[in-house]
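Close look at the chain arrangement
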Amino acid sequence: MSSSYYSTSSYREDDFSEESEDFIAEDQNFKDCILFAIDCSKSMFNKNAQGEVPVTVALQSLRSTILNKIDNRPNDQIGVVLYGTKDFNNSAQKEHIAVLHPIDIPDAPRIKEIDSYIQDISLLQERYGTTDRSFPISDLFYVCSDIMSKVKNSIRRLFLITDNDDPTDGNAEYRKASIQRAKDLGIANIEITLFGLDKPDRKFDTNIFYKDISAFDDDSTSSTGKLAELLDMVKTNYIKLRSEFRIPFQITPSVTVGIKGYNLIIEEKLRLPKNFTTNVEKIVEVKPLTRWRCVDSEQILMPMHLKHGFQYGEELVEFTKEEIKKLKKIRDPSLLILGFKHKKALKAHHQLTHPYFIFPDDTQYEGSSKLFMALVQTMIRQDRIAICSFVRRENTSPRIVAAIPQDEKLDENSNQLEPPGLQLIILPYADEIRPLPPAITSVQVDPEVRESAKAIVNKLTIDYDPRHFENPSIQTIALGGLKEDEKLVDDTLPKFDYIESNLSQELDVFKKTVGLDNIMSDELHEYSKPASVKRKTTEEESTTAKKPKKEDMDIPEMWQNGVLASATNQFMKDFLFVVELFN
C-alpha cells in the first residue's frame, strides 16, 4: 500500500492544539445549574409605592433568566423553590418550603405556569399560602442541598431572593444551624448569591445575619438594592464567568504572578441546525464521522497511517506531529511586560477587537493577588499603561497588547459594579493600519439646529446593556408558539409611546428649525427611503412608461424588446410583404 500524506501547507493556528485547550474545555464543558429560592412571606406580597409586588418582580427575573438560558445555553438547568409558604412540598418534609419546579431544562409549560402567576399573583398565594411564622432557614439550605446533590458535572448556584435581612428572627439556635448549613453548601461547591431587597421604610442590612455566612464574602456576586433594581441585579448574574485562559504574568525577569483571563464580550452567532434520523420510536441525532481513504487501494486508513508534510518544490518533506508543533511554537503561553507608556499614547483606533480582562490567580503562584493589585494601583496613580507581549495559548502568534488598569467601582449600596484588574487591548501591527481617507471639509451647522438636535439625543440616550434585551423569536420558540390573543413585547423596537409623550416638544422645535414643520407624512416616508430604492422605483416607472404593449408594436419594435417570438406567421408575412421581401 502506498504511503498516505495529510498536507498541512495551509494549517490554521488552532491545528494540533487540543492539549493546550484542556483547561478551557474543563470549564466550558460544565453546565450551569441555578436554583431560585424565592421568599414568599407576607411582606413579599405587599405592593410598594409604585404598585409593584416583590414576588411578582422575582418571578419576572426568573422568567427572564429562563429565556436567556434558552437563547444562549439551552442545556443549562433551572429550578425554583418557594419558602415562607403556609403549605410545604419537598422530599425532606420540611415545613414552609415548597418546590415549585425541580431542577431540569426549562420548557414551555414551566414558562406558561410562571406567566400565569405573574399575571395574577393571587393564584400562587392561593396554591401555597403565605406565613410570617419563623422557621429554621437551615431547612431551606438542606432542601436546596438535597435537590442540587442530584446534579453532576455542573456549576451549581443558589439564587436567594428575599427582603428579610434576619430570617432567624433573633433565634440563636436557628442562626447557628443556618450558618453551618450554608458552610456545608460552600464545601459542596454550591455558590450562594443573595439578592436582598430594601423595604419601603429601611434598607436591607447584610450585617444582621448574612455577613456570618461564609458564602457572602467580598468576592461574591451577592447584591442588595431596591425592588426596581432586582431584574438588573439578576441579569448581571445570568452567566457564571469562566476563565478562558490561565497563564503566568512576567512583570520582571525575576517576578512572575499567576493570572486568569476572561472574554467579557463574545459575538453571538446562529447555531447550525442539527441533523436527526428516526430510529423506530425515537429521534436520534446524527453525528458526523470523518474517515480517510487511500487513493490507490481504497482502504480505510487509521490515524497511525497518516503522516504530515509540506510540499517543497517537487518533494514532499515529511514531519512528525511533534515536529510541526515545535515549528509553530514561539514560546509558552504567558503575558510579558515590555515597558510602560502614558495613557494618552493609546488611541481609539488602536483597538482591533474586544479586550480581555485579567485577574490574579493565587492557585498558580501564592501571593499573586497582592502583587498584582499593587501594580494596578501604581499604574492608576501614575496614569500609565503597560505594553506587553501576549501569547494566549500554545501554537498562537504573539500579539502586542496594551494593559489598561481598571479600578474597582461600587454603587451606593457597596455592591461591586466593576472589579479591579487589567484590560488587555490587542494593538495593531503597522501593516494592519489603513491609510486615512482624504480630508473632508466640515459642514457648517446653525447653532440653533445643533442645540435642538442635542436635546433629542440627550433624551434618547440610555445605558445600553445587551443582556437587558430579549430575542422575541427565541421567546416564541420557548413558549411553543403563541395563541392568537398572545403578543410578546419586543424590547428591541423603539419606544414610540415614550417618544410621543416625552419628545413631542423637542421634535417640533427641531422640525421648525430645519424647515420640516409643514412636511406631510407621505413626503417624510419618501425622504426616508434609501437612494437605491428611489432610483429603482424611478427606473421602473420610466421603463413602464416607455415600454409599449405588444399589440401596438411592429416587427422592429418587437425585436428590440425581445418579444419577436410571440409574433404570428401572418403578422411576419405582412411585414415581409411591406418591405418587399415576400412575393
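In this report, the structure presented in the accompanying data block is examined. (Residues numbered from 1 in each chain as written. Predicted model: local features only at pLDDT ≥ 70, side-chain atom pairs only at ≥ 80, totals over all residues. Heavy atoms only, no water.)

So, the overall build of the protein chain
Short version of the rule: Numbering of helices and strands starts at the N terminus; helices are DSSP runs of H or I of at least 4 residues and strands are runs of E of at least 2. Here's how the labels work: a residue is buried when its accessible area is under 20% of the maximum for its type, exposed when over 50%, partly exposed in between, all with a 1.4 Å probe on protein chains only. Per-residue accessibility takes into account occlusion by the displayed protein chains alone, with areas from the Shrake-Rupley method and a 1.4 Å probe.
Each helix and strand in the protein chain was counted, giving 17 helices and 22 strands. Looking at the 583 residues of the protein chain, the share that counts as buried comes to 34%. About 37600 Å² of surface is accessible on the protein chain, with carbon and sulfur atoms providing 52% of the total.

Brief notes about the pattern of salt bridges
The condition that has to hold: Throughout this description, the term salt bridge denotes a Lys or Arg side-chain nitrogen within 4 Å of a carboxyl oxygen of Asp or Glu.
Taken as a whole and assessed by the stated rule, the structure comprises 13 salt bridges. Salt-bridge contacts for E95 lead to R133; the nearest nitrogen and oxygen are separated by 4.0 Å. Of this pair, E95 sits in the loop between β3 (77–83) and β4 (97–104) while R133 is found in the loop between α4 (122–128) and α5 (137–148), placing the two residues 38 residues apart along the sequence.

Some words on the environment of S134
Formally: Residues are treated as being in contact if the distance between any of their heavy atoms lies within 4.5 Å.
Tracing the chain through its elements places S134 in the loop between α4 and α5. Here the alpha-carbon distance between S134 and T168, two residues 34 residues apart in the chain, equals 7.0 Å. The contact partners of S134, leaving out residues within four places of it in the chain, are D169 and Y174.

Comments concerning the packing of α5 against helix α6 (residues 172–187)
The condition is simple: For helices, the fitted line uses only the C-alpha atoms of the stretch in contact; every axis is such a line through C-alpha atoms, and the angle between N-to-C directions lies from 0 to 180 degrees. Working rule for angles: under 35 degrees goes down as roughly parallel, over 145 as roughly antiparallel, 65 to 115 as roughly perpendicular, anything else as oblique. Two helices cross in a left-handed way if the nearer one is turned anticlockwise from the farther one by less than a right angle. They cross in a right-handed way if the turn is clockwise.
Where α5 meets α6, the closest approach of the two axes is 8 Å, and the angle between their N-to-C directions is 20 degrees. As summarised for this structure, α5 and α6 are arranged roughly parallel, according to the angle between their axes. Considering the relative orientation of α5 and α6, their crossing is left-handed. Residue-level inspection shows I137, S138, F141, Y142 and S145 of α5 in contact with α6, the latter providing A177, S178, R181, A182 and L185.

Quick notes on the pairing of strand β15 (residues 315–319)
Let me state the cut-off plainly: Two strands pair if DSSP finds at least two bridges between them.
Here strand β14 (residues 306–312) pairs with β15 via five bridges, running antiparallel. Bridging across to β15, Q311 finds its partner in L316.

Points about a nonpolar patch on the surface
Stated formally: Only residues whose relative accessible area exceeds 30% and that take part in no salt bridge are eligible for patches, with like-charged residues grouped when within 9 Å of each other and nonpolar side chains (Val, Leu, Ile, Met, Phe, Trp, Tyr) grouped when within 5 Å.
Residues L576, F577, V578 and V579 make up a contiguous nonpolar surface patch of roughly 370 Å² in combined accessible area. Mapping L576 onto the fold places it in helix α17 (residues 569–578).

A look at the sheet that holds strand β5 (residues 154–162)
As summarised here, the arrangement of the six strands in space is β4-β3-β2-β5-β6-β7, forming an open sheet in which the pairing is mixed. The open sheet has two edge strands, β4 and β7 (223–225), and neither has a second partner. Within this sheet the neighbouring strands show an average axis-to-axis angle of 15 degrees, counted without direction. Bridge count for strand β2 (residues 31–39) against β3 is seven bridges, and the pairing is parallel.

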